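This is what each chain is made of:
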Amino acid sequence: MKEFKYVITDNEGIHARPAGELVKLVKGFESKISIEKEGKKVDCRKLLALMGLGVKKGHEVTFTIEGADEEAAYETVSKFMHDNL
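Everything quoted here is computed from the prediction, not taken from an experiment.

Colleague: Any chance you could explain the overall build of the protein chain here in plain terms?
Modeller: If you tally the helices and strands in the protein chain, you get three helices and four strands. Secondary structure elements of the protein chain, listed N to C terminal, follow the sequence β-α-β-β-α-β-α. Taken over C-alpha atoms, the radius of gyration comes to 11 Å for the protein chain, in line with the 12 Å a tight globule of 85 residues would show. Considered along the principal axes of its C-alpha atoms, the protein chain spans approximately 35 × 25 × 20 Å. Counting all 85 residues of the protein chain, 40% fall into the buried class. A fraction of 72% describes how many contacts in the protein chain between residues 6 or more apart in sequence connect residues 24 or more apart. Taken as a whole, the protein chain presents about 4,700 Å² of accessible surface, with 50% of it coming from carbon and sulfur. Considering the protein chain, the positive charge centre built from 14 side chains and the negative charge centre built from 15 side chains are found 6 Å apart.

Colleague: How do you make sense of helix H3 (residues 70-84) when you look at a structure like this?
Modeller: For an α-helix the count is 3.6 residues per turn, leaving residues at separations of three or four pointing the same way. For H3, which comprises 15 residues, the first-to-last C-alpha distance of 21 Å matches the rise-based estimate of 21 Å (1.5 Å per residue) to within 8%. By the burial criterion, the buried members of H3 are Glu-70, Ala-73, Val-77, Ser-78, Phe-80 and Met-81. Looking down the long axis of H3, one finds its buried residues gathered within 160 degrees of arc, a one-sided arrangement. For H3, the exposed residues lying more than 90 degrees away from the buried face are Lys-79, His-82 and Asp-83.

Colleague: Please explain the pairing of strand S3 (residues 40-43) as it appears in this structure.
Modeller: One face of the sheet, then the other: side chains in a regular strand alternate in exactly this way. Relative to S3, strand S2 (residues 32-37) is paired through four bridges, and the arrangement is antiparallel. Each bridged residue has a counterpart across the sheet, and for Ser-34 the counterpart in S3 is Asp-43. Between S2 and S3, which follow one another and run antiparallel, lie two residues, and Glu-38 among them has a positive phi close to 50 degrees.

Colleague: Whenever I open this one, the packing of helix H1 (residues 16-26) against H3 confuses me. Can you help?
Modeller: Relative orientation and spacing of two packed helices are given, respectively, by the angle between their axes and the distance between those axes. Running from N to C, H1 and H3 cross one another at 165 degrees; their axes reach a closest spacing of 11 Å. The pairing of H1 with H3 is recorded here as roughly antiparallel in orientation. Relative to H3, H1 is oriented so that their crossing is right-handed. On the side of H1, the interface is formed by Pro-18, Glu-21, Leu-22, Leu-25 and Val-26, while H3 contributes Thr-76, Val-77, Phe-80 and Asn-84. Per-class residue counts for the contact of H1 with H3 are six nonpolar, two polar and one charged.

Colleague: What is the right way to read the environment of Ser-78 from this model?
Modeller: Here Ser-78 is to be found in helix H3. The buried category is assigned to Ser-78, whose relative accessible area is 14%. For the pair Ser-78 and Leu-47, spaced 31 residues apart in sequence, the C-alpha separation works out to 18 Å.

Here is what the cut-offs are and how they apply
Counting restarts for each chain, with residues numbered from 1 along the sequence as it is written. With the structure being a predicted model, the display of local features is reserved for residues of pLDDT at least 70 and the display and counting of side-chain atom pairs for 80 or more, all residues being used for whole-chain, interface and lining totals. Hydrogen atoms and water are omitted, and side-chain values are computed over all heavy atoms in the structure. Helix and strand definitions follow DSSP, with helices as H or I runs of at least four residues and strands as E runs of at least two, each counted in order from the N terminus. Just to be clear, the radius of gyration here is over C-alpha atoms, and the globule rule we use is 2.2 Å times residues to the power 0.38. Relative accessibility thresholds used throughout: buried, under 20% of the residue-type maximum; exposed, over 50%; partly exposed, between the two (1.4 Å probe, protein chains only). Contacts: residue pairs with any heavy atoms within 4.5 Å of one another. Using the Shrake-Rupley algorithm and a 1.4 Å probe, accessible areas are obtained, with residue cover drawn only from the displayed protein chains. When charges are tallied, Lys and Arg are placed among the positive residues and Asp and Glu among the negative ones, while His and the ends of the chain are skipped. By convention, charge coordinates are those of NZ in Lys, CZ in Arg, CG in Asp, or CD in Glu. In this scheme, a helix's expected span is set at 1.5 Å multiplied by one less than its residue total. Note that the arc is defined by the directions from the helix axis to the C-beta atoms. A pair of strands is labelled paired if DSSP reports no fewer than 2 bridges between them. Angles here are taken between N-to-C directions and fall from 0 to 180 degrees, while the axes themselves are lines fitted to C-alpha atoms, restricted in helices to the stretch in contact. In what follows, roughly perpendicular refers to angles from 65 to 115 degrees, roughly parallel to angles under 35, roughly antiparallel to angles over 145, and oblique to any angle outside these ranges. In this scheme the handedness of a crossing depends on how the near helix is turned from the far one: anticlockwise by less than a right angle means left-handed, clockwise means right-handed. Ten residue types, Ala, Val, Leu, Ile, Met, Phe, Trp, Tyr, Cys and Pro, are classed as nonpolar, four, Asp, Glu, Lys and Arg, as charged, and the remainder, Gly among them, as polar.

Now the structure itself:
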């Protein structure tokens, strides 16, 4: 299992465009990828659940990645977050 924390720097937080891109990205991996904010954890494959977290600028989120390709998923998701959010 891999885990990393990230503080959102985008002024809009996790809004529709990057949320949709993140969902598409994680669907390419076999691993289970989840995101957690303030104790609420959701599957990153579910767009409405991801949007429902209401992640804004300055919020810290924790990603948990578990599965056969977790190393590649960790690298890809981490890079996506740093590049886009």
